[in-house]
Amino acid sequence: MEVTEALARKKREILSLWIERTLDSYVAPGFFKTASDPFANPVGSNITAGLTALFDLLLAEADIQAFDKPLDQVVRIRAVQEFTPAQAVAPFLELKWVVKQVLSGDQGFEPLRGKLDVLDCQIDRMALAAFNIYSECREQLYRNRIRELKSGSSILTDAACPSALLRRAQRESSAGLET
């Protein structure tokens, strides 16, 4: 039996565990795992769709450029959240562990162990491409932030409501007069 055959046979189990472990990296994974509506749960549905597409590409032994779109689908979400670069890319590397966990329960796994090197290499390339996408996304966020600061629009988005500030100042000044 070849590695791709074994992966295809265990696809459902591998994907289920991989998606679960990826969603577990979020602060509130329960909602992401249970809500199936893509409008109510865009994070969970995009990660599920992206990881499924990535696994299908690995099974098809596709060229690394084919991975860009589903990688972007997953990484772009993780890049705007409070993940370190390592945390953002970790799920892709974790696929190696997931594959070995699922296949190790199979009796025909031992002869395949040595053949997993090619898959591991493909996963490493996928993770490196994910890191490139993550870096580009973060760079774009920083450029946008600098543009906001230069244009002065950050005053509108980062400051408190002017009327609330005025009310607070009036309360503080009237409290100072009373003492």
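Please refer to the structure placed before this passage.
What this report covers is the structure whose coordinates are included nearby. (Residues numbered from 1 in each chain as written. Predicted model: local features only at pLDDT ≥ 70, side-chain atom pairs only at ≥ 80, totals over all residues. Heavy atoms only, no water.)

What about the overall build of the protein?
Phase 1 of the analysis: Helix and strand counts for the protein stand at 9 helices and 0 strands.
Phase 2 of the analysis: Going from the N terminus to the C terminus, the protein shows its helices and strands as α-α-α-α-α-α-α-α-α.
Phase 3 of the analysis: For the protein, buried positions account for 32% of its 179 residues.
Phase 4 of the analysis: Of the roughly 11000 Å² of accessible surface on the protein, 57% is carried by carbon and sulfur atoms. (Helix = DSSP H or I, 4+ residues; strand = E, 2+ residues; numbered from the N terminus. Buried < 20%, exposed > 50% of the residue type's maximum accessible area, 1.4 Å probe, protein only. Areas by Shrake-Rupley, 256 points an atom, 1.4 Å probe, with all protein chains shown as cover.)

Digging into unusual backbone geometry
Backbone phi values are negative for most residues with the exception of glycine, while trans is the configuration of most peptide bonds.
Phase 1 of the analysis: Despite not being glycine, glutamate 61 has its phi angle at roughly 55°, a positive value.
Phase 2 of the analysis: Relative to the assigned elements, glutamate 61 resides in the loop between α4 (42-59) and α5 (68-79).

Focus on the packing of helix α2 (residues 11-23) against α4
Phase 1 of the analysis: Following both chains from N to C, one finds α2 and α4 inclined at 140°, their axes separated by 10 Å at the closest point. When the axis of α2 is compared with that of α4, the two are oblique. Considering how the two elements wind past one another, α2 and α4 form a crossing that is right-handed. Mapping the contact onto sequence places Lys11, Ile14, Leu15, Trp18, Ile19, Thr22 and Leu23 in α2 and Gly44, Ile47, Thr48, Leu51, Thr52, Leu54, Phe55, Asp56 and Leu59 in α4.
Phase 2 of the analysis: Tallied by class, residues from the contact of α2 with α4 come to 10 nonpolar, 4 polar and 2 charged. (Axes fitted to C-alpha atoms, helices over the stretch in contact; angles between N-to-C directions. Parallel < 35°, antiparallel > 145°, perpendicular 65-115°, else oblique. Left-handed = near helix turned anticlockwise from the far one by under 90°. Contact = heavy atoms within 4.5 Å. Nonpolar A, V, L, I, M, F, W, Y, C, P; charged D, E, K, R; others polar.)

A look at α4
Phase 1 of the analysis: Taking 1.5 Å as the rise per residue, α4 with 18 residues should run 26 Å; its terminal C-alpha atoms sit 26 Å apart, in good agreement.
Phase 2 of the analysis: Of all the positions in α4, only Val43, Gly44, Ile47, Gly50, Leu51, Leu54, Phe55, Leu57 and Leu58 are classed as buried. Along α4, the residues classed as buried sweep out an arc of 165° about the axis, all on the same side.
Phase 3 of the analysis: Just past α4, the residue glutamate 61 takes up positive phi, approximately 55°. (Expected span 1.5 Å × (residues − 1). Arc of directions from axis to C-beta.)

Examining the pattern of salt bridges
Phase 1 of the analysis: For the structure on display, the rule yields 9 salt bridges.
Phase 2 of the analysis: Arginine 76 is paired through a salt bridge with aspartate 72; the nearest N and O atoms lie 3.0 Å apart. Linking arginine 76 with aspartate 72, this pair stays in helix α5, spanning 4 residues, or about one helical turn.
Phase 3 of the analysis: Of the residues examined, arginine 76 reaches a relative accessible area of 38% and is grouped as partly exposed.
Phase 4 of the analysis: Between glutamate 139 and arginine 143 there is a salt bridge; the shortest N-O distance is 3.0 Å. Of this pair, glutamate 139 and arginine 143 both sit in helix α7 (residues 116-151), separated by 4 residues, roughly a single helical turn.
Phase 5 of the analysis: Assessed through its relative accessible area of 47%, glutamate 139 is described here as partly exposed. (Salt bridge = Lys/Arg side-chain N within 4 Å of Asp/Glu carboxyl O.)

Remarks on the environment of alanine 79
Phase 1 of the analysis: Here alanine 79 is to be found in helix α5.
Phase 2 of the analysis: Put simply, alanine 79 and glutamate 139 are 60 residues apart on the chain and 9.9 Å apart in space, counted from C-alpha to C-alpha.
Phase 3 of the analysis: Setting aside its immediate chain neighbours within four residues, alanine 79 contacts Tyr134, Cys137, Arg138 and Leu141.

Observations regarding the packing of aromatic side chains
Phase 1 of the analysis: In total, this model carries 1 aromatic pair according to the counting rule given.
Phase 2 of the analysis: Summarising the aromatic geometry, the rings of tyrosine 26 and phenylalanine 83 are spaced 5.1 Å apart at their centres and angled 85° between planes, so their arrangement reads as edge-to-face. You can see tyrosine 26 sitting in the loop between α2 and α3 (29-34) and its partner phenylalanine 83 sitting in the loop between α5 and α6 (85-104), a full 57 residues away along the chain.
Phase 3 of the analysis: Residue classification places phenylalanine 83 among the buried positions, given a relative accessible area of 12%. (Phe/Tyr/Trp six-rings, centres within 6.5 Å; stacked < 30°, edge-to-face > 60°.)

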